[in-house]
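Secondary and tertiary structure notes
The lines below spell out each chain.
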Amino acid sequence: MNEKLKEKIREALSSVLPISLIVLVLTMTLVPMEVSTVVLFMAGAVLLIVGMGFFQLGAEMAMTPLGQGVGGKLAKSKKMPLIVAMCFLMGAIITISEPDLQVLANQVAAIPNRVLIWTVAAGVGVFTAVAFLRIRFKVSLSKMLTLVYILVFVLSFFSPSSFTAVAFDSGGVTTGPMTVPFIMALGVGLSAARSDKGGTDDSFGMVALCSVGPILMVLLLGIFYHPTDAVYTSVEIPTLVTTHDVVYTFLSAIPQYAREVLSSVLPVFGVFLLFQLITRNYRKRQMLRMVIGFGYTIIGLILFLTGVNVGFAPVGSLLGSGLADSTFRWLLIPIGALIGYFIVKAEPAVQVLNEQVEELTGGTVSRQMMNTAMSIGVACAVALSMLRVLTGISIYWILIPGYALALVFSHFVPSMFVGIAFDSGGVASGPMTSTFLLPLAMGACTAIGGNVVTDAFGVIALVALAPLIAIQVMGLVYAHRTHAEQQAVPQFAGEPDEIIDLEED
């Protein structure tokens with residue numbers, strides 16, 4: 001077990017180290033900062049790495065088998081209303097426990113936290129049930145996604161513009177480190193019970209559909225709910241003189257995040273206990289392993305959120321405001337692209353998804369392929385986000401062509417890649433995006449006097465959009481190569497005479 005934890009922490013170190021080095025170089029060149037701030041950032045990076053290692057191991061031990069167990073049992077049941085109700089309940093509960101959503105709710109000052117959280121949870125619950133019905137009745141994922149995204153954009157024109165970016169951002173943050181392992185495993189369990197040729201392909205797409213629900217619900221909230229204008233203030237770094245002050249800053253923040261994590265994870269743990277009491281699905285040894293996994297998950301999330309919120313987010317905001325307030329403000333675009341390339345690898349849920357994709361595809365789609373495609377896509381997305389911050393162009397100019405292209409691709413790409421791509425869009429926009437990239441954009445927007453709600457919010461939405469295109473392009477290349485190989489082999493094997501004639505010529 002210790003060796004496995006060390007392996008996870010080493011993986012986390014290799015993911016977080018590049019982004020940490022980029023930030024350090026920037027603080028020593030373009031945006032000088034106080035030494036205490038840099039020390040705060042580095043201490044946050046250490047907590048983030050250790051927390052990510054604990055979390056990934058915990059998710060592997062607890063959330064994945066729980067999702068597969070619940071999915072398998074639901075798929076075998078013949079009581080359709082009960083299954084739909086359970087899918088809604090599980091989707092809502094797991095969303096309320098999502099730390100990414102808590103982070104976004106704290107940053108959207110115009111909407112009360114509870115209003116936003118419950119709205120988003122209802123959206124995920126509804127579309128968890130919809131995703132189950134799609135798998136059960138073998139509905140094409142590409143056709144369903146086309147219909148729901150047409151509905152999303154039609155509805156967005158009736159919702160206030162101040163809600164558009166927040167709505168699409170909420171679709172990205174709901175599929176984070178708590179939600180993804182469970183929903184991915186739930187999809188595997190539901191599709192495995194079908195035992196047909198398309199079952200494996202349909203195990204993907206659950207996360208994709210669960211990302212749409214929050215967008216629709218927040219847009220509806222915008223139509224019927226009219227909040228007062230909110231003022232966004234810049235982030236303030238506490239005065240730190242000694243290393244003792246740095247340690248005290250983190251220690252004083254841990255109780256707050258411990259309460260948030262416990263209040264989020266305990267309902268999921270309660271579902272696990274209730275499920276076991278009713279079904280007796282797990283043996284004692286597996287039960288113990290899953291309980292330990294929940295413990296690792298709790299420890300990991302507490303350390304992760306403390307490190308990210310105390311060390312990473314403030315520095316992200318300072319970097320954004322420092323770059324935007326200088327003569328080098330246009331460097332925000334290439335610097336944003338560089339940060340985006342590496343930051344997606346530091347998302348815990350991305351690594352969980354990549355491992356499951358590699359396992360389910362038998363290595364056909366490797367973790368390295370997934371990481372490369374997603375890094376390139378997210379780099380482009382962050383560059384466009386920084387361009388929006390500097391110019392104030394409407395998010396529609398990017399979202400509408402981007403989703404149109406992604407949906408067109410979905411009708412030509414192998415169905416497995418469609419599910420993987422749209423699932424990847426959800427997981428790419430996790431806690432690192434909401435607690436570093438969003439503050440970076442908000443800090444830059446505040447410094448140049450822009451509208452934070454319309455110009456800074458939306459970075460998560462664009463990060464969620466990028467893998468939809470990048471991974472489907474990878475799918476098109478894969479399909480083309482496979483088709484070419486299949487045609488080349490029989491031609492070589494079946495027509496030797498023609499080959500000899502060519503050689504004679």
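Residues numbered from 1 in each chain as written. Predicted model: local features only at pLDDT ≥ 70, side-chain atom pairs only at ≥ 80, totals over all residues. Heavy atoms only, no water.

1. Notes on the overall build of the chain
A count of helices and strands for the chain gives 21 helices and 0 strands. The C-alpha atoms of the chain give a radius of gyration of 23 Å, which matches the 23 Å a tight globule of 505 residues would have. In the chain, buried positions account for 56% of the 505 residues. Here the contacts in the chain between residues at least 6 apart in sequence split such that 87% fall between residues at least 24 apart. Carbon and sulfur atoms form 66% of the exposed surface of the chain, whose accessible area is close to 21,000 Å². With 26 positive and 30 negative side-chain charges, the chain shows a separation of 17 Å between the mean positions of the two kinds. (Helix = DSSP H or I, 4+ residues; strand = E, 2+ residues; numbered from the N terminus. Rg over C-alpha atoms; globule rule 2.2 N^0.38 Å. Buried < 20%, exposed > 50% of the residue type's maximum accessible area, 1.4 Å probe, protein only. Contact = heavy atoms within 4.5 Å. Areas by Shrake-Rupley, 256 points an atom, 1.4 Å probe, with all protein chains shown as cover. Lys, Arg positive; Asp, Glu negative; His and termini not counted. Charge placed at Lys NZ, Arg CZ, Asp CG, Glu CD.)

2. Observations regarding the nonpolar core
Formed by 159 residues in total, the largest nonpolar core has its most connected members in Leu 66, Phe 312 and Phe 436. In terms of residue count, the dominant contributor to this core is helix α2 (residues 35-76) (15 residues). Formed by 5 residues, the second largest nonpolar core is a distinct cluster that contains Leu 5, Phe 54, Leu 57 and Tyr 296. (Core = buried A, V, L, I, M, F, W, Y, C linked by side-chain atoms within 4.5 Å.)

3. A look at the environment of Lys 8
Summarising the element assignment, Lys 8 is placed in helix α1 (residues 2-28). For the pair formed by Lys 8 and Met 52, sequence separation is 44 residues and the distance between their alpha carbons is 7.8 Å. If we ignore the near neighbours within four places in the chain, the residues touching Lys 8 are Gly 53, Gln 56, Leu 57, Glu 60 and Glu 355.

4. Considerations on the pattern of salt bridges
Opposite charge on two side chains permits them to pair, given that their charged atoms come into close proximity. Counting across every chain of the model gives 3 salt bridges. Residue Glu 60 is joined to Lys 4 by a salt bridge in which the shortest nitrogen-to-oxygen separation is 3.8 Å. Here Glu 60 is found in helix α2, whereas its partner Lys 4 is found in helix α1, with 56 residues between them in sequence. With relative accessibility at 28%, the residue Glu 60 sits in the partly exposed group. (Salt bridge = Lys/Arg side-chain N within 4 Å of Asp/Glu carboxyl O.)

5. A short note on the packing of helix α10 (residues 206-224) against helix α17 (residues 415-428)
Viewed as axis vectors pointing N to C, α10 and α17 meet at an angle of 55 degrees, and their least axial separation amounts to 7 Å. Taken together, α10 and α17 sit at an angle that is classed as oblique. The chirality of how α10 crosses α17 is left-handed. Where α10 approaches α17, its residues Met 206, Val 207, Ala 208 and Ser 211 are matched on the opposing element by Phe 422, Asp 423, Gly 426 and Val 427. Here the contact of α10 with α17 is composed, by residue class, of 5 nonpolar, 2 polar and 1 charged. (Axes fitted to C-alpha atoms, helices over the stretch in contact; angles between N-to-C directions. Parallel < 35°, antiparallel > 145°, perpendicular 65-115°, else oblique. Left-handed = near helix turned anticlockwise from the far one by under 90°. Nonpolar A, V, L, I, M, F, W, Y, C, P; charged D, E, K, R; others polar.)

6. Observations regarding the confidence of the model for the chain
Any segment with low pLDDT has predicted coordinates that should not be analysed in fine detail. With 90% of its residues at a pLDDT of 70 or more, the chain shows a mean pLDDT of 83. A low-confidence stretch, residues 495-505 stays under pLDDT 50, and its non-local contacts, those more than four residues away or across chains, total 1 contact. (pLDDT = per-residue confidence, 0-100.)

7. Comments concerning unusual backbone geometry
With a phi close to 55 degrees, Lys 138 is a non-glycine residue in the positive phi region. Here Lys 138 lies in the loop between α5 (113-136) and α6 (141-156). Of note in this structure, Arg 280 is not a glycine but carries a positive phi near 55 degrees. Mapped onto the fold, Arg 280 is located in the loop between α11 (243-279) and α12 (284-324). Overall, the relative accessible area of 62% leaves Arg 280 in the exposed class.

8. Concerning the packing of aromatic side chains
Scanning the entire structure with this criterion turns up 15 aromatic pairs. Arranged with centres 5.8 Å apart and planes meeting at 65 degrees, the rings of Phe 153 and Tyr 403 form a pair that is edge-to-face. Taken together, the residues Phe 153 in helix α6 and Tyr 403 in helix α16 (residues 396-409) connect sequence positions 250 residues apart. Residue Phe 153 is classed as buried on the basis of its relative accessible area of 11%. Centroid distance Phe 168 to Tyr 403: 6.1 Å. Interplanar angle 40 degrees. Geometry classified as tilted. Taken together, the residues span a long stretch of sequence, with Phe 168 in helix α7 (residues 161-173) and Tyr 403 in helix α16 at a distance of 235 residues. Side by side, Phe 168 and Tyr 403 carry an identical accessibility label, which is buried. Taken together, the aromatic side chains of Tyr 149, Phe 153, Phe 168, Tyr 403 and Phe 422 make up a single cluster linked through ring pairs. (Phe/Tyr/Trp six-rings, centres within 6.5 Å; stacked < 30°, edge-to-face > 60°.)

9. Section: the side chain of Ser 20
As for its placement among the helices and strands, Ser 20 is situated in helix α1. Discounting chain neighbours no more than four positions away, the residues touching Ser 20 are Phe 41, Ala 45 and Phe 312.

10. Topic: empty space enclosed by the protein
Overall, the coordinates contain 2 cavities of 30 Å³ or more when judged by the stated rule. Of the voids in this model, the largest cavity is the one considered here, and its volume is about 100 Å³. What lines the largest cavity is a set of 14 residues, among which Tyr 149, Ser 211, Tyr 403, Gly 425 and Ala 464 lie closest to the centre. Looking at the lining of the largest cavity, the elements with two or more residues in it are α7, α10, α17 and α20 (459-494). (1 Å grid on protein atoms, 1.4 Å probe; cavity = no way out; pocket = protein on both sides within 12 Å on 5 of 7 lines; lining within 4 Å. Points joined across faces, edges and corners; volume = space filled by probe spheres on them.)

11. What about the state of the cysteines?
Under the criterion given, the structure shown has 0 disulfides. For Cys 210, which is in no disulfide, the shortest distance to another cysteine sulfur is to Cys 87 and amounts to 9.1 Å. (Disulfide = S-S within 2.5 Å.)

12. Points about the packing of helix α3 (residues 80-96) against α5
Where α3 meets α5, the axes come as close as 7 Å, and the angle between the chain directions of the two elements is 140 degrees. It follows that α3 is oblique to α5 by the angle criterion. You can see that α3 and α5 cross each other, and the crossing is right-handed. Its residues assigned to classes, the contact of α3 with α5 shows 17 nonpolar, 4 polar and 1 charged.

13. Looking at α6
Taking 1.5 Å of rise per residue, 16 residues should cover 22 Å, and α6 covers 22 Å from first to last C-alpha, within 8% of that figure. Inspection of α6 places Leu 141, Ser 142, Met 144, Leu 145, Thr 146, Val 148, Tyr 149, Val 152, Phe 153, Leu 155 and Ser 156 among the buried residues, and these make up the whole buried set. For α6, the secondary structure elements touched by its buried residues are α5, α7, α10, α16 and α17. (Expected span 1.5 Å × (residues − 1).)

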